[in-house]
Protein chains: 2
Amino acid sequence: MRLDFDEIKNEIKRVFMKYGMSEEKAEACARMHTESTYDGIYSHGTGRVARFADYLKKGWVNPDADPTLEKDAGAVRIYDGHMGPGITNALYCVEEAMKLADRYGIGMVGLKNTTHWMRGGSYGLYAAKKGYISIMWTNTESVMPPWGAKECRLGNNPFVMAVPGPEGADPLLLDMAISQYAYGKLAMTRLAGKKLPFPGGFDKDGNLTDDPGAIEASRRILPMGYWKGSSFAFMLDVLGALLSDGIGAADIDHVGKGSCGGASQIMILIDPDKISGKERRDEVIRKAITHIKSAALDGHSAGVFAPGEDFARLRKDHDEHGIFVDDSIWKEILAL
Amino acid sequence: MRLDFDEIKNEIKRVFMKYGMSEEKAEACARMHTESTYDGIYSHGTGRVARFADYLKKGWVNPDADPTLEKDAGAVRIYDGHMGPGITNALYCVEEAMKLADRYGIGMVGLKNTTHWMRGGSYGLYAAKKGYISIMWTNTESVMPPWGAKECRLGNNPFVMAVPGPEGADPLLLDMAISQYAYGKLAMTRLAGKKLPFPGGFDKDGNLTDDPGAIEASRRILPMGYWKGSSFAFMLDVLGALLSDGIGAADIDHVGKGSCGGASQIMILIDPDKISGKERRDEVIRKAITHIKSAALDGHSAGVFAPGEDFARLRKDHDEHGIFVDDSIWKEILAL
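We now turn to the structure provided with this report. (Residues numbered from 1 in each chain as written. Chains lettered and ligands numbered in written order. Predicted model: local features only at pLDDT ≥ 70, side-chain atom pairs only at ≥ 80, totals over all residues. Heavy atoms only, no water.)

### Considerations on the overall build of chain A
Phase 1 of the analysis: Helix and strand content of chain A: twelve helices and twelve strands.
Phase 2 of the analysis: Against the globule reference of 20 Å for 336 residues, chain A gives a C-alpha radius of gyration of 20 Å, in line with a compact fold.
Phase 3 of the analysis: Along the longest, intermediate and shortest principal axes, the C-alpha atoms of chain A span 55 × 50 × 45 Å.
Phase 4 of the analysis: Looking at chain A as a whole, 61% of its 336 residues are labelled buried.
Phase 5 of the analysis: In chain A, 64% of the contacts between residues at least 6 apart in sequence involve partners at least 24 apart. (Helix = DSSP H or I, 4+ residues; strand = E, 2+ residues; numbered from the N terminus. Rg over C-alpha atoms; globule rule 2.2 N^0.38 Å. Buried < 20%, exposed > 50% of the residue type's maximum accessible area, 1.4 Å probe, protein only. Contact = heavy atoms within 4.5 Å.)

Listed below in structure tokens is the structure:
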């Protein structure tokens, strides 16, 4: 079905308040879930409401907690999230990091002891719309085998880079998990009776495969770039812990409070106005986009897109026809 | 053949001085080339001396230039490298970024208008040995097609993350180009009559292939993680330009002063002592390494390694038997 933004947001807000959140926090969280839905990231939008409500019900997320400042080291600040809602914790810390960037040009906040921040790209977009460049990531529980091994010991550690768009254009947004495919993509592809476009993991016999079911069974999802992504995921895990005085996958695995319960997030924010003028920056970005789009296309290609540009079409569709929500998901939300 | 560190370093230094570098700068550059050789990164060590000498000869690198401060924005500083030697420019800026990290907890230097910094990991190791955590990258000329295209419009934009090792251990070091394989690896594999371990690009007909010669011919090397690496490389290019008030691949392509001539490098340095104690950090790192190594190995695997750990064996060999230098490369250096 198609619904409008506030219709979705208010229903999600109702659910979150029912499970113990204050109106203010429920509003912020519901807005983020709705924005993810608007961008087509259903897995962290409408598709994630029931699970988050369940976490609240189980006491895995503390609906009342706010981050507290643990360490003030100039342009670096460490916050304890006290297992509060991942979204409000992360938003608070992005705001703090912006203030640091205002003052010092760059600011870093390490947020420990927090919960799932949902869509990482949300915070990159949020910062970009306010004029900041950002580099952010989260660590997670173990969901991916390190290179050379069969058992999961690495997080998929979503990594975000975002840049304010040129005048009138959307922000540039890189928002990538380090696994080549998400488990959601594997399930969807399997249910559609299809193969993955490229191998996404190993089967139980250790053969690289594009069969999503075989990878779901072995749990041997592939890091992007094989050994490269494995090392990258490891560094994001360790740096997540070190830069927040928090914990990594080895410990998150034992917290026992759901996906990302106890995880750390790192937000590095930069004020680009301290470096150059907006006009000059817009020119750099436009030139880079023109450059990649000037390449001759591969025969199978739908075009070359700048990171984040691919949301534009769906946003337009959602603006014109309402935001798509899966019927059964909506029924589930209404029933909560 | 096997040579000792100073023997290699002094010969390289002689060459660089012959081509116009001051003794001080030649010493710093020769040391870095030798350290890369010591770590087995021959492509940016002994294997790169003749090419760098050629750049000096052609005037593509200005042997006398030092970085000048263009903008001081607190914890962010912008330097102009004036096309000076990539190594001395980058080292200078890492030192400046360390001073910012000392003062503010985090510091970022954007270095524009510089030249090839050789092995990116050098600067991560350098900072880690002095106790700093670092995130660094460079942009480059176009060498890789963006996802969906056949022509090169993206740099391979090496990305570095480094962390001081636990007491008595080597630093953790991620030093990755965004292309799945370097052109050097393709050539070596082709000359050995072998196939790549995993597909590394597309052939001229657009088929994914593990045949290195077919990829060299098409120049369609693969970004790590397909579309993911393509977007990542784009962001590193744009951010390289924006955060240094410099230029990206679209313009670097037209500088006409060799690989990376006119490129930008970004150095983000963090003082971890401002966040937590050394003992706590060592515990986090040791636990993360123990965690990944506790996974059951794939049948073909030589083991699971922490990023940077794989250098230890070669370093030991080089300590015991002298540093390996290819006979013909050494002859070439002696003849310069």
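### Observations regarding the environment of Lys293(B)
Residues and elements named next belong to chain B.
Phase 1 of the analysis: With respect to the helices and strands, the residue Lys293 is situated in helix H10 (residues 278-293).
Phase 2 of the analysis: The partly exposed category is assigned to Lys293, whose relative accessible area is 37%.
Phase 3 of the analysis: Residues Lys293 and Ala306 lie 13 residues apart in sequence; the distance between their C-alpha atoms is 8.5 Å.
Phase 4 of the analysis: Not counting chain neighbours up to four residues away, the residues in contact with Lys293 comprise Val304, Phe305 and Glu309.
Phase 5 of the analysis: At a separation of 2.9 Å, a polar atom in the side chain of Lys293 contacts the main-chain carbonyl oxygen of Val304. (Polar contact = N/O pair within 3.5 Å; in protein donor to acceptor, adjacent residues only side chain to side chain.)

### Overview of the interface of chain B and chain A
Phase 1 of the analysis: The partner chain A presents 88 residues to the 88 residues of chain B that form the contact.
Phase 2 of the analysis: Between chain B and chain A lies a buried interface of about 7300 Å² when both sides are counted; carbon and sulfur atoms form 73% of it.
Phase 3 of the analysis: In terms of surface lost to chain A, no three residues of chain B exceed Lys228(B), Leu242(B) and Ile275(B), which account for 10% of the buried area on that side.
Phase 4 of the analysis: In this assembly, chain B and chain A are joined by six salt bridges.
Phase 5 of the analysis: Here Lys287(B) makes a salt bridge to Asp251(A), at a shortest N to O gap of 3.0 Å.
Phase 6 of the analysis: The interface formed by chain B and chain A holds 34 residue pairs in polar contact (both at pLDDT 80 or more) in total.
Phase 7 of the analysis: Sorting elements by how many residues they give to the side of chain B that touches chain A places helix H8 (residues 227-242) of chain B first, with 13 residues.
Phase 8 of the analysis: Here the side of chain B that touches chain A is composed, by residue class, of 56 nonpolar, 17 polar and 15 charged. (Buried area = accessible area lost by both parts, 1.4 Å probe. Salt bridge = Lys/Arg side-chain N within 4 Å of Asp/Glu carboxyl O. Nonpolar A, V, L, I, M, F, W, Y, C, P; charged D, E, K, R; others polar.)

### Regarding the relation of the copies chain B and chain A
Phase 1 of the analysis: Once turned by 180 degrees and shifted 0.0 Å along the axis, chain B lies on chain A with an RMSD of 0.0 Å. What the superposition gives is, in effect, a two-fold axis relating one chain to the other. No C-alpha of chain B lies nearer the rotation axis than that of Gly225(B), which sits 2.3 Å from it.
Phase 2 of the analysis: Most of the interface of chain B is mirrored in chain A: 100% of its interface residues are interface residues there too. (Least-squares fit on C-alpha atoms with pLDDT ≥ 70 in both.)

### What about the pattern of salt bridges?
Side chains that differ in charge, positive against negative, can pair when their charged atoms come close.
Phase 1 of the analysis: Counting across every chain of the model gives 56 salt bridges over all chains.
Phase 2 of the analysis: With a shortest N-O distance of 3.0 Å, Glu27(A) and Lys13(A) are connected by a salt bridge. Of this pair, Glu27(A) sits in helix H2 (residues 23-38) while Lys13(A) is found in helix H1 (residues 5-18), placing the two residues 14 residues apart along the sequence.
Phase 3 of the analysis: Judged by relative accessible area, Lys13(A) falls into the buried class, the value being 12%.
Phase 4 of the analysis: In this structure, the salt-bridge partner of Glu151(B) is Arg153(B), at a minimum N-O distance of 3.4 Å.
Phase 5 of the analysis: Three or more residues joined by partner-sharing salt bridges are found here, namely Asp6(A), Lys9(A), Lys13(A), Glu23(A), Glu27(A) and Arg31(A).

### As for the packing of helix H1 (residues 5-18) of chain B against helix H3 (residues 49-58) of chain B
All names here are of chain B.
Phase 1 of the analysis: For the pair H1 and H3, interaxial distance at closest approach is 9 Å and the crossing angle is 15 degrees. Taken together, the axes of H1 and H3 lie roughly parallel to each other. The element H1 and its partner H3 pack so that their crossing is right-handed. Contacts from Ile12, Val15 and Phe16 in H1 reach Val49, Phe52, Ala53 and Leu56 in H3.
Phase 2 of the analysis: Its residues assigned to classes, the contact of H1 with H3 shows seven nonpolar, no polar and no charged. (Axes fitted to C-alpha atoms, helices over the stretch in contact; angles between N-to-C directions. Parallel < 35°, antiparallel > 145°, perpendicular 65-115°, else oblique. Left-handed = near helix turned anticlockwise from the far one by under 90°.)

### Quick word on the sheet that holds strand S3 (residues 76-80) of chain A
Residues and elements named next belong to chain A.
Phase 1 of the analysis: In space, the seven strands of this open sheet follow the order S2-S3-S4-S11-S5-S6-S7, with mixed pairing throughout. Looking at the sheet topology across the chains shown, the edges are occupied by strand S2 (68-73) and strand S7 (172-176). Pairs of neighbouring strands in the sheet enclose a mean axial angle of 10 degrees, with direction left out of account.
Phase 2 of the analysis: Set on the sheet, helix H4 (residues 86-104) makes contact with S3, strand S4 (106-114), strand S5 (133-138) and strand S11 (263-270); between it and S4 the angle comes to about 160 degrees. (Pairing = 2+ DSSP bridges.)

### With respect to the sheet that holds strand S9 (residues 208-209) of chain B
Residue and element names in this part refer to chain B.
Phase 1 of the analysis: Pairing in this open sheet of three strands is antiparallel, and the strands run S9-S8-S10 from one edge to the other. Taken across any chain shown, the strands that pair with only one partner, and hence form the sheet edges, are S9 and strand S10 (220-221).
Phase 2 of the analysis: In this sheet, S9 lies alongside strand S8 (residues 201-202) in antiparallel orientation, the contact comprising two bridges. Bridging across to S9, Gly201 finds its partner in Thr209.

### Side note on the packing of aromatic side chains
Residues and elements named next belong to chain A.
Phase 1 of the analysis: Taken as a whole, this structure holds 35 aromatic pairs over all chains when the rule is applied.
Phase 2 of the analysis: Consider the rings of Tyr79 and Tyr92, whose centres lie 5.7 Å apart with planes at 75 degrees: the pair is edge-to-face. Here the residue Tyr79 occupies a position in strand S3, and Tyr92 occupies one in helix H4, the gap between them amounting to 13 residues.
Phase 3 of the analysis: The exposure class assigned to Tyr79 is buried, which follows from its relative accessible area of 2%.
Phase 4 of the analysis: Since its relative accessible area comes to 36%, Tyr92 is described here as partly exposed.
Phase 5 of the analysis: Above the face of the Trp60 ring, Lys58 is positioned so that its terminal group lies 4.6 Å from the ring centre. (Phe/Tyr/Trp six-rings, centres within 6.5 Å; stacked < 30°, edge-to-face > 60°. Lys NZ or Arg CZ within 6 Å of the ring centre and 35° of its normal.)

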